[in-house]
Amino acid sequence: VSFEIQTNSALTWNWRTEYRLTTGAGTHGAVDVGSGWHTNGASVTILATASNGYHFAEWTGDVPTGSETANPLTVTLDQARALTAGFAINMYAITATAGPNGAIVPTGTVMVAHGDGANFAMTAIPPAHLDEVTVDGALARVFGPGDSVFTSRFDNVVSDHTISVSFNLPPTAFANQASITIDI
């Protein structure tokens, strides 16, 4: 803007302080407030939304102390701020257990990333054989006397699961046991 003053005049400037808010999102998410200028003291609330299979993890940049994991995040524009929302993949637990006379590998709690899979190998210790496999509390497979090894796979995991295997000894495993009776 340019202008020329021809006579004695009073010129008044009305200044307003503004601060720049720069927002961004890491991969696998978005924020609902774009970058822009805001009046000094303005309060701005920003919501971070994760993509499917991910969750909001933290804010980085010019985050008010103690607000790194707040979502939504409310900031006061008393300075220029650059804020980036970070996201992390969801992890799910598959808990694997085995009864006596055999094993499942891996055993215990296995963490699996959203959409990934995991294999579980079950092996009976001779003379035992596989009996049953349950998944999430429901019977998934019944085995016969000759089955001693089995592999199961969880694909596209999107929630927690359990897998359990039981083993059975054949009746002949008890044939060599003896009992003693003592008369007093």
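Residues numbered from 1 in each chain as written. Predicted model: local features only at pLDDT ≥ 70, side-chain atom pairs only at ≥ 80, totals over all residues. Heavy atoms only, no water.

A. Representation of the packing of aromatic side chains. Counted according to the given criterion, the structure contains five aromatic pairs. Aromatic side chains Phe-56 and Phe-87 sit 6.3 Å apart centroid to centroid with 80 degrees between the ring planes, which places their arrangement in the edge-to-face category. Taken together, the residues Phe-56 in strand 6 (residues 54–61) and Phe-87 in strand 8 (residues 81–89) connect sequence positions 31 residues apart. Take Phe-56 and Phe-87: they sit in the same class, and that class is buried. (Phe/Tyr/Trp six-rings, centres within 6.5 Å; stacked < 30°, edge-to-face > 60°. Helix = DSSP H or I, 4+ residues; strand = E, 2+ residues; numbered from the N terminus. Buried < 20%, exposed > 50% of the residue type's maximum accessible area, 1.4 Å probe, protein only.)

B. Inspection of the pairing of strand 7 (residues 73–76) at higher detail. Burial along strand 7 is one-sided: Leu-73 and Val-75 are buried, and none of Thr-74 and Thr-76, which face the opposite way, are. For strand 4 (residues 43–46) and strand 7, the ladder comprises four bridges, and the chain directions are antiparallel. If you follow Val-44 over to strand 7, its bridge partner there is Val-75. (Pairing = 2+ DSSP bridges.)

C. The pattern of salt bridges, seen in detail. Counted according to the given criterion, the structure contains three salt bridges. As a salt-bridge pair, Arg-16 and Glu-18 come within 2.4 Å of each other at their nearest N and O atoms. Take Arg-16: its relative accessible area is 56%, and that puts it in the exposed class. We note a salt bridge from Asp-155 to Arg-153, for which the minimum N-O separation is 2.5 Å. Residue class for Asp-155 comes out exposed when judged on its relative accessible area of 54%. (Salt bridge = Lys/Arg side-chain N within 4 Å of Asp/Glu carboxyl O.)

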